[in-house]
Amino acid sequence: MSAFQQHLRSEYPNTPIEEALRQQLPATEADATASGLRTAGVDVSKPAGQMTPAEIEQITKECSGASGSNSGEVFDRGEESPEWVESLWSPASEAGSDSDSGSSVTSDNS
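These numbers were taken from a predicted model, which means no experiment stands behind them.

S.K.: Let's hear about the overall build of the protein: which residues, and what values?
M.R.: Scanning the protein from terminus to terminus reveals 6 helices and 0 strands. Along the protein, helices (α) and strands (β) appear in the sequence α-α-α-α-α-α when read from the amino end. Considering only contacts within the protein whose residues lie at least 6 apart along the sequence, 53% involve residues at least 24 apart. For the protein, the accessible surface area stands at approximately 7,700 Å², while carbon and sulfur atoms represent 47% of it.

Structure, rendered in structure tokens:
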């Protein structure tokens, strides 16, 4: 279950999904999502906490469609990746070095 799906169930358990969408999305996206859900046969007056896993998945699909967002391609370090991706990663030895290289300030709390 995605973070968005978990959020809907935990933050809006008793809120009709249409209202929850209006609180989470811009108005045009919320309206488009609710319309798509109605077309798909989902009862948008049903509270988020009572939605089935299939209905929650349909909400996610409709939100993506309404926003026009597309998932990007994922590349993992150490796996076959295009050269341009490799060039964006810093060497592993440098990871976290920003927090380690700060000035050492001591304080006397006595």
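S.K.: Any details on the confidence of the model for the protein? Residues and values, ideally.
M.R.: Any residue range with low pLDDT should be treated as having predicted coordinates unsuitable for detailed reading. Looking at the protein as a whole, the pLDDT averages 77, with 74% of positions reaching at least 70. For the protein, helix 6 (residues 97–100) is the element with the lowest average pLDDT, namely 47, and helix 2 (residues 17–24) is the one with the highest, namely 91. Taken together, the stretch residues 97–107 has pLDDT below 50 and engages in 0 contacts with residues farther than four places along the chain or on a different chain.

S.K.: So, the nonpolar core: which residues are in play, and what are the values?
M.R.: Counting residues in each nonpolar core, the largest one holds 16 residues, and the members touching the most others are Leu8, Ile17, Leu21, Leu37, Met51 and Ile59. Contributions of two or more residues to this core are made by helix 2, helix 3 (27–39) and helix 4 (53–67). Once you skip the residues sitting within four places of it in the chain, Leu21 turns out to touch Phe4, Ala30, Thr33, Ala34, Leu37, Ile59 and Cys63.

Analysis parameters
Residue numbering note: each chain is counted from 1, following its sequence as written. At least 70 in pLDDT is required for a residue's local features to be given in this predicted model, at least 80 for side-chain atom pairs to be given and counted, and no such filter applies to totals for whole chains, interfaces and linings, which use all residues. In computing side-chain properties, one takes all heavy atoms of the structure into account and sets aside hydrogens as well as water. Helical segments are the DSSP runs of H or I of at least four residues, strand segments are the runs of E of at least two, and each set is numbered from the N terminus. Throughout, a contact is declared for two residues whenever any of their heavy atoms are within 4.5 Å. Where accessible areas are quoted, they stem from the Shrake-Rupley method and a 1.4 Å probe; at the residue level, only the protein chains shown are allowed to cover. Per-residue confidence from the prediction method is given by pLDDT, with values spanning 0 to 100. Residues grouped as a nonpolar core are buried Ala, Val, Leu, Ile, Met, Phe, Trp, Tyr and Cys residues, joined through side-chain atoms within 4.5 Å. Three exposure classes are used, based on accessible area relative to the maximum for each residue type with a 1.4 Å probe and protein chains only: buried under 20%, partly exposed in between, and exposed over 50%.

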